[in-house]
Amino acid sequence: MNSDFIVIEGSNMAECHPVAFRWVMRARERGATVIHVDPRFTRTSAVANIHVPIRAGSDIAFLGGIVRYILETERYFKDYVVNYTNASAIISKDFKDTEDLDGLFSGWDKKKGSYDLRSWMYEGVDPEAAAGMREGESGKKGEPLQREPIQAEKTDPTLQHPRCVFQILKKHYQRYTPEMVEEVCGIPQHLFLKVAEILCQNSGRDKTGAFVYAVGWTQHSVGVQFIRSAAVIQLLLGNIGRPGGGVMALRGHASIQGSTDIPTLYNLLPGYLPMLRAKHDQDLKTYLHLNTPPSGWWGEFPKYFISLMKAWFGEAASKHNDWCYEYLPTMTGDHSHMNTVVDMADGVVKGYFVMGENPVVGSMNGPLQRKGLRQLDWLVVRDFQLTETADFWRDAPEIQRGEVKTKDIKTEIFFLPAAAHTEKDGSFTNTQRLLQWHHKAVEPPGSARSDLDFVFKLGQRLKKLYWDEFHEPRNWPIRDLTWDYPTQGSLNEPDAEAVLKEINGYTMADRKPVEGFTSLKDDGSTACGCWIYSGCYRDGVNMTARRKPHWEQNWIAREWAWAWPHNRRIIYNRASADLEGKPWSERKKLVWWDENKKEWVGHDTPDCIIERPPWYRPSKHARGKDTLSGIDPFVMQADGKGWIYVATGLADGPLPTHYEPQESIVKNPLYGQQCNPERMEWRRKDNPYHQPYEDPRFPYVLTTYRLTEHHTAGGMSRWLSWLSELQPEMFCEVSPELANERGLKNGGWATIRTIRGEIEARVLVTNRMQSVRIKGRVVHQIGIPYHWSSKGLVRGDAANELTMFVADPNVSIQESKALTGNIEPGRTGKKRRYITSGPFVKKLPAQENRRDLAPARQKPQTKHGHRAAEMKEGNQ
Amino acid sequence: MPKISSLNALAWPLVRQIKNGDVSALDVSTAGSDRTESLEARTKKADRVVGSICPYCAVGCGQLVYIKDEKVIDIEGDPASPLSNGCLCPKGAATFQLVTGTHRMADVLYRPPYATDWEKIPLETAMDMIAQRVKKTRDETWEDKTEKGEPLRRTMGVAHLGGATLDNEENYLIKKLFTSLGIVQVENQARI
Amino acid sequence: MAETKGFFTDTTLCIGCKACEVACKQWNQLPDDGFLFTGMSYDNTVHLGASTWRHVAFIERPVPLTPQHDGAFSWLFSSDVCKHCARAGCLESCPTGAIVRTEYGSVYVQPDVCNGCGYCIVSCPFGVINRREEDGQAWKCTLCYDRLREDMIPACAKACPTESIQFGNLEDLREHAKERVRKLHESGAHNAYLYGATAEDQPGTEGLNAFFLLMDKPEVYNLPPDPCVPTKKVKDSWLAAGATAAAMALVAVGAVLFGGRERV
């Protein structure tokens, strides 16, 4: 609402987040320029000031072009860039850029198929990545590094040193010219220049702008770097930590942020503490050592970890047994969703819980998902109704085709009806880190129960089942797990507020809720289930349930619910003030240093050490958070600076570089390296790929997306008549030119094909689908919404029958926004699936089977599950 | 020609209007039926109103849930929310149907291996059976150490995938219980 | 008598999300209109009807929307609704008095009075009101009459995320709408105009209590360019209407007395 420009890219905000778009419309009406960059002309484009059509998957080229424009025209926010970012940091002599190595950075290990990250470091130091070290998935990122706080003298505030980040950035993006942007993205130069100029004009002391993205950026094999590109632009323009600025992620589910913060993710413990790695974290001392950087806020790490152990194992966790450190399992590789499914297909995973999720429709490669489910011993599905995942053994396409018989499927399946949000107490964390409580309104129907109730009672039962085997060390964690939540109501449900209190943290002595994470200790005197949420239950008050009307408070609305950390609504907001702690401008005022009070004050809760003045500079001997100076707004980074250049923490490069998707129609115009060399591939019979570029069998770009009228995999919309009637059938969108080329008729049928499967869809021929021109060649894109499947009031083929397992190396998120395929008119397909029907597209002669120049980093099955090496690839 | 059912002809509004010489107004004050006169919003009869949050996307719009006789009678936007000001998108506006619709299942279903149909089983039985399955699989697939002697302390035989509409408290208990069981493959829509 | 209330639907603020359609169905507990893929842009409910009281039209035009885009294409959205005409054809043709003018100036069908004769359907110049198969009765937007009684705004206006649907006192809305058009003209959007805001604008209906801001000709939005309620065509219409009503009433009374209880 406070922005002067809003670039929506990788998101269809008006369609997928209509109520958040309320504020974009307000900003537009106030005079902000709204720019929508998207392969399709959507409802967002329709109300934006400018729509920029782009070839799906080419965003880094476009954003890199903007970086170059900002640097060339010297439009960066100098004071901000020099002081608040790492632009002045000097990088190791060993570093080589993609400019030098044709699309690879230094450190590429051909044999391993991955980078050695050491040459990317700051000169003379090995700073640990603030978040990266924690989010990193394992193995190679865990080598113990030299540990010293970052020394200020290794910077060049004039930004002239040839190895300073600023100069490296200049060189890295020098070839991202407007001509190149046009060639890679298909965006006309005049349009690109117009956008770049609007961004520059609307940034600075007095103006700010925001980038908004969603899964249109994350679901790529180089997705993290898409987002990084926006971060680089925003740091250069000084648009982070200020009102109207930011790189905003629009997340798609009520508590998807919460599911990341309190992670039901394999590689994290609550509050972004890393899970243990078998190879590196062999004992508590090593684990703490590796995760406690000498500088920055993460110096507090031991307090958070030990408090977590106290919350989980109570009195059993003591200094003598390393706070039950050895109760935790360890990782030996990437154990994320797609690997789990592959392990199911190979018989490693025997039992599977699916709660409120529908992977048969929502995850990649539907046929492979079902193949995995067929190999299970048992499956538990909890949902409102029988989803495609619960019923995969009755009505999947391969069952309908007779290729798989129900009576041959061994999986034992439990379906448990779930309670709705109106039938249970609990909190959701929204996309802005806001925890909001929903109260139980009525009892759930019949045997429907909350997941809280299910897990609690499952835990109770397991404690009983293991009662006689508690002497075995492996069962000690179950024995000592604190599991004594009070129950209430006629269903004897656990009290969700009691769980929230544990998440908040309490003192062991008197069980009183702690004030916040600054009260946590590493001596076992405090317990805390998730340090970043600490403070949500301070003074015994459920802060997340606060509902003070917005008209009774300022625009920040600090008394509506509660945001982590510490109820800060705009993070890194120290950057909203200049070096002396004064707002950059009256118009963009947010927090500032109050000399009389000797502390930071403002509209929002200041996101810095509140009594630390702007002129504070750390001594050479400082450690931990004492190393953060008064001009270090980015407190979670080891050096307190916004990282334009990521010296450590990312697997695939310190600077975003354009790579083509796994399946592209063109050769990478920028480098010899075609795809992200670090991307994760699953080279298996049940996950075949097209050629990386110019596959004659698949000449079109496919892109998937969601619609306003439905919700993700449809579990919460396809069963509702009011939503179903609004978008009643699976369709695809094509341009009139493509329709003409392929003989497709509006309202008629089409068959869409990849090597993995073929689906039918109704056709919408529309000018909203715009073909782009790449080097004089017309590139057609086919839009495929992602909502329907075989069940519900409205049905149709599922888009994920076409997609594949391939992922970003940093976060293991799949690539579903850009792939290749073919389309033909009519219901010509027999709904074949490669896995069960065998190959149905012609094979290419071997010499035409082009591959990437460097072999992609594979995640061999053997690295995963300890036993996977012995397993043969399933053939069913 | 349509006919009229069950009406007292003399109480019929038009007749009343003619009687009152009020043919031109066709006003509710003269032509309103008893039902019309006593018309009121159903929310007025609610026994209580409960604050809630929309369960669809991550914008987190405020909702108000109106309850009468322990049944939800209306769900709409909460004007007090600084995020949504009382607005809802089509999905949010359909929340009432989401939580009260006939698609909601109330029974636990069980499909034995190789069976061709579901059967109903009691919740408690299902819970016992699931707990036994977890124990059996965990015990059979337990891994103590790698070949190199690195600690594992886990099972790769059990995995979990959660939707991202689960509450924080639910995610917390899932992570806590499953990690203590040695289950590493705990995953979520957040990855997808 | 309360002040006259109405809708101002500003199509330049509409994002085509259809929250209005669903919020209306939710509040009024309306059934679906069938699951039919039309191939007409994103419009699958097609038009207003007995069970769809808000309907969003999607218009794909090969014309840029000035001054917003410099492309060669635009996509317009408009949420249609009963106009609650100052001279309402449905109301004036209703032989049973089921359709009344409320204290808010809106036009309301009383479901306990309506006998499903269907005269109103042909008398609406906008094709708004319709009969539902299941119960044979005529239905349309009530301007959330029940909600207005409790000072609650209509469900569609409340849900609308982008303030495209504005509800309020008709006079205020008209003022505001004029100002909005002035601003749009200033910004270069010269096509903006009000549809049916006053009796002068639209003599055939004597003005709409639910009026619109449009960016193209009414036909583009599937609205009649010059709507006229049929009863207005009759000279000395009030007298004629009175006479008709009286005659119809006699016929109807006869039907009640002699026709028994069964429905047609």
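Criteria and thresholds
The residue numbering used here restarts from 1 in each chain and proceeds along that chain's sequence as written. Naming scheme: in the order in which they are written, chains are lettered from A and ligands are numbered from 1. Local features in this predicted model are restricted to residues whose pLDDT is 70 or higher, and side-chain atom pairs enter the listing and the counts only when it is 80 or higher, whereas totals over whole chains, interfaces and linings include all residues. Secondary structure elements follow DSSP: runs of H or I of four or more residues count as helices, runs of E of two or more count as strands, with numbering from the N terminus. Here exposure depends only on C-beta density: within 10 Å of a residue's C-beta, 20 or more other C-beta atoms make it buried, 12 or fewer make it exposed, and intermediate numbers make it partly exposed, the C-beta atoms being placed from the backbone. Two residues qualify as being in contact provided that their C-beta atoms, derived from the backbone, are within 7 Å of each other. Note on residue categories: nonpolar means Ala, Val, Leu, Ile, Met, Phe, Trp, Tyr, Cys or Pro, charged means Asp, Glu, Lys or Arg, and polar means any other residue, Gly included. At least two DSSP bridges between two strands are needed for those strands to be called paired. A helix's residues, less one, multiplied by 1.5 Å, set its expected span. Axis lines are fitted to C-alpha atoms, over the contacting stretch for helices. Their N-to-C directions set the angle, which ranges from 0 to 180 degrees. Arc, as used here, means the arc of the directions from the helix axis to the C-beta atoms. Per-residue confidence from the predictor is given as pLDDT, running between 0 and 100.

Visitor: Just to check I follow, could you spell out the overall build of chain B for this structure?
Guide: Tallying secondary structure elements over chain B gives 7 helices and 9 strands in all. Going through the 192 residues of chain B one by one, you find that 55% of them count as buried. In chain B, 29% of the contacts between residues at least 6 apart in sequence involve partners at least 24 apart.

Visitor: Which parts of the structure should I look at to understand the overall build of chain C?
Guide: Counting its secondary structure elements, chain C contains 8 helices and 10 strands. A buried classification covers 50% of the 264 residues belonging to chain C. Sequence separation of 24 or more characterises 62% of the internal contacts of chain C that already satisfy a separation of 6 or more.

Visitor: How do you make sense of the interface of chain B and chain A when you look at a structure like this?
Guide: The parts lose accessible area when they come together, and the size of an interface is often stated as this lost area. Each side of the interface is counted separately: chain B has 99 residues, and chain A has 131 residues. The residue makeup of the side of chain B that touches chain A, split by class, is 53 nonpolar, 26 polar and 20 charged. Pairing of strand E14 (residues 412-417) of chain A with strand E4 (residues 109-111) of chain B involves 3 bridges; the strand directions are antiparallel. Bridging from a neighbouring strand, Phe 414 of chain A pairs with Tyr 110 of chain B of E4 of chain B.

Visitor: What exactly am I supposed to notice about helix H4 (residues 59-72) of chain A here?
Guide: Within an α-helix, residues lying three or four positions from one another point in the same direction, as the helix has 3.6 residues per turn. Residues and elements named next belong to chain A. With 14 residues, H4 extends 20 Å from end C-alpha to end C-alpha; this agrees with the ideal 20 Å at 1.5 Å per step. In terms of burial, H4 is largely enclosed, as 12 of its 14 residues are buried. Taken residue by residue, H4 has Asp 59, Ile 60, Ala 61, Phe 62, Leu 63, Gly 64, Gly 65, Ile 66, Val 67, Arg 68, Tyr 69 and Ile 70 as its buried positions. Positive phi appears at Glu 74, one or two residues downstream of H4, with a value of about 50 degrees.

Visitor: Just to check I follow, could you spell out the environment of Arg 574 of chain A for this structure?
Guide: All names here are of chain A. As for its position among the elements, Arg 574 is in the loop between strand E21 (562-563) and strand E22 (591-594). When the C-alpha atoms of Arg 574 and Arg 753 are compared, they prove to be 51 Å apart, with 179 residues separating the residues in sequence. Residues contacting Arg 574, with those up to four places away along its chain left out, are Gly 241, Val 591, Pro 606, Asp 607, Cys 608 and Pro 633.

Visitor: Looking at this structure, how should I read the sheet that holds strand E7 (residues 247-249) of chain A?
Guide: The strands making up a sheet are joined through hydrogen bonds of the backbone, oriented either antiparallel or parallel. Residues and elements named next belong to chain A. One open sheet accounts for 5 strands, arranged E3-E2-E1-E6-E7; its pairing is parallel. Among the strands making up the open sheet, the edge pair consists of strand E3 (50-52) and E7. The mean inter-strand angle of the sheet, taken between neighbouring strand axes irrespective of direction, is 20 degrees. Both strand E2 (residues 33-37) and E3 contribute to a ladder of 3 bridges, which runs parallel. In the sheet register, His 36 faces E3, and the bridge partner there is His 51.

Visitor: Would you take a moment to explain helix H8 (residues 165-172) of chain A for this structure?
Guide: Residue and element names in this part refer to chain A. Within H8, the full set of buried residues consists of Val 165, Phe 166, Ile 168, Leu 169 and His 172. For H8, the arc enclosing every buried residue in end-on projection is 165 degrees, short of the 170-degree limit, so these residues lie on one face. Those residues of H8 that are buried are in contact with H4 and helix H6 (98-101).

Visitor: How should the sheet that holds strand E8 (residues 165-169) of chain C be read in this particular structure?
Guide: Residues and elements named next belong to chain C. If you trace the 4 strands from one edge of the open sheet to the other, you get E8-E1-E10-E9, paired in mixed fashion. Two strands in the sheet have a free side with no partner beyond their single neighbour: E8 and strand E9 (193-195). Taken pair by pair, the neighbouring strands of this sheet meet at an average axis angle of 25 degrees, ignoring direction. Where E9 lies against strand E10 (residues 210-214), 3 bridges are found, and the strand directions are antiparallel. Counterpart to Tyr 195 in the pairing with E10 is Phe 212.

Visitor: Honestly, the confidence of the model for chain C in this entry has me stumped. Any pointers?
Guide: Low pLDDT marks regions whose predicted coordinates should not be analysed in detail. All names here are of chain C. Of all residues in chain C, 88% attain a pLDDT of 70 or more, and the chain-wide mean is 89. Within the model, pLDDT remains below 50 along residues 250-264, and this stretch shows 20 contacts once partners closer than five positions in the same chain are excluded. Both confidence scores are given for the complex: pTM 0.93, ipTM 0.94.

Visitor: Would you mind going over the confidence of the model for chain B with me for this structure?
Guide: Taken over all residues, the pLDDT of chain B has a mean of 90, while the share at 70 or more is 87%. Here residues 1-24 of chain B is modelled with pLDDT under 50, and outside its nearest four sequence neighbours on either side it reaches 51 contacts, counting other chains as well.

Visitor: Explanation requested: the pairing of strand E1 (residues 5-9) of chain A in the structure shown.
Guide: Two faces make up the sheet, and in a regular strand the side chains alternate between them. Residues and elements named next belong to chain A. The element E1 is extensively covered by neighbouring structure, given that 5 of its 5 residues are classed as buried. Burial along E1 is two-sided: Phe 5, Val 7 and Glu 9 facing one way and Ile 6 and Ile 8 facing the other are all buried. The pairing of E1 with E2 spans 5 bridges and is parallel. Residue pairing across strands places Phe 5 opposite Thr 33, the latter belonging to E2. Pairing between E1 and strand E6 (residues 209-213): 4 bridges, direction parallel. Bridge assignment links Ile 6 to a residue of E6, and that residue is Ala 210.

Visitor: For this particular structure, what's the right way to read the environment of Ser 123 of chain C?
Guide: All names here are of chain C. Relative to the assigned elements, Ser 123 resides in helix H3 (residues 119-123). The exposure class of Ser 123 is partly exposed, given the 19 C-beta atoms found within 10 Å. A C-alpha to C-alpha distance of 20 Å links Ser 123 and Val 46, two positions 77 residues apart in sequence. Among residues more than four places away in sequence, those in contact with Ser 123 are Gly 89, Cys 90, Glu 92, Ser 93, Val 229, Pro 230 and Thr 231.

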